[in-house]
Amino acid sequence: MTLNSIKVEDSAGDASDEHGAEASSSASMLPGGVHKVCLPPYRTTFQKLRHRLSEIFFPDDPLHRFKNQTGLRRFVLGIEFFFPVLEWGPKYNVKLLRSDIIAGITIASLSIPQGISYAKLANLPPILGLCK
């Protein structure tokens, strides 16, 4: 069985894609199952640098929600950005509170003994393992 990025071929010669579906001939494929690939559009060095820096510092574009919004909506989104409870708070319910309490108990039951044991390993009083 040969695996490439385009299709998987059995030794019997059946062609199928990576998910098991039959490969069909399309206009973008050349004979032999090879896809045509276009060159990317030309960009200046400054455009490339700007794109790379934006990907490094803002990989998910945190300000995308503000685009094409009215002034009042931008203000509300800005307040929700700095105080996230205003976004999720109105949707919060008792079922979520129950799940949060169970998660808190679970994390506490794991992290308290871990903190105490790390303090003991460092030859410190166990109470110092609880201070973070």
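As the structure is a prediction and not an experimental result, all values here were calculated from the model. (Residues numbered from 1 in each chain as written. Predicted model: local features only at pLDDT ≥ 70, side-chain atom pairs only at ≥ 80, totals over all residues. Heavy atoms only, no water.)

Here we look at the overall build of the chain
Turning to step 1, where the next piece is worked out: From N to C terminus, the chain includes 4 helices and 5 strands.
Turning to step 2, where the next piece is worked out: Overall, the chain shows an N-to-C arrangement of helices and strands of β-β-β-β-β-α-α-α-α.
Turning to step 3, where the next piece is worked out: Looking at the chain as a whole, 8% of its 132 residues qualify as buried.
Turning to step 4, where the next piece is worked out: For the chain, the computed accessible surface area is about 11,700 Å², with 65% contributed by carbon and sulfur atoms. (Helix = DSSP H or I, 4+ residues; strand = E, 2+ residues; numbered from the N terminus. Buried < 20%, exposed > 50% of the residue type's maximum accessible area, 1.4 Å probe, protein only. Areas by Shrake-Rupley, 256 points an atom, 1.4 Å probe, with all protein chains shown as cover.)

Some details on unusual backbone geometry
Turning to step 1, where the next piece is worked out: Within the chain, N68 stands out as a residue other than glycine whose phi angle is a positive 60°.
Turning to step 2, where the next piece is worked out: With respect to the secondary-structure elements, N68 resides in the loop between helix 1 (45–57) and helix 2 (71–82).
Turning to step 3, where the next piece is worked out: Assessed through its relative accessible area of 79%, N68 is described here as exposed.
Turning to step 4, where the next piece is worked out: Here N123, not a glycine, exhibits a phi torsion of approximately 60°, which is positive.
Turning to step 5, where the next piece is worked out: Among the secondary structure elements, N123 is positioned in the segment after helix 4 (94–121).

What about the UniProt feature "domain: SLC26A/SulP transporter" (unreviewed entry) in the chain?
Turning to step 1, where the next piece is worked out: Sites flagged by UniProt as "domain: SLC26A/SulP transporter" (unreviewed entry) map to residues 97–130.
Turning to step 2, where the next piece is worked out: With 74% helix and 0% strand, residues 97–130 has end C-alpha atoms that lie 25 Å from one another. (UniProt positions renumbered as here; feature names shortened; annotations may be inferred.)

Looking at the side chain of E80
Turning to step 1, where the next piece is worked out: Along the chain, E80 falls in helix 2.
Turning to step 2, where the next piece is worked out: Residue class for E80 comes out buried when judged on its relative accessible area of 16%.
Turning to step 3, where the next piece is worked out: Excluding residues that lie within four positions of it along the chain, E80 makes contacts with L86 and E87. (Contact = heavy atoms within 4.5 Å.)

Describing the packing of aromatic side chains
Turning to step 1, where the next piece is worked out: Per the stated rule, a full pass over the model turns up 2 aromatic pairs.
Turning to step 2, where the next piece is worked out: On the basis of an interplanar angle of 90° and a centroid distance of 5.4 Å, the ring pair of F81 and F82 is categorised as edge-to-face.
Turning to step 3, where the next piece is worked out: Overall, F81 belongs to the partly exposed group, its relative accessible area being 42%.
Turning to step 4, where the next piece is worked out: F82 gets classed as exposed once you look at its relative accessible area, which sits at 63%. (Phe/Tyr/Trp six-rings, centres within 6.5 Å; stacked < 30°, edge-to-face > 60°.)

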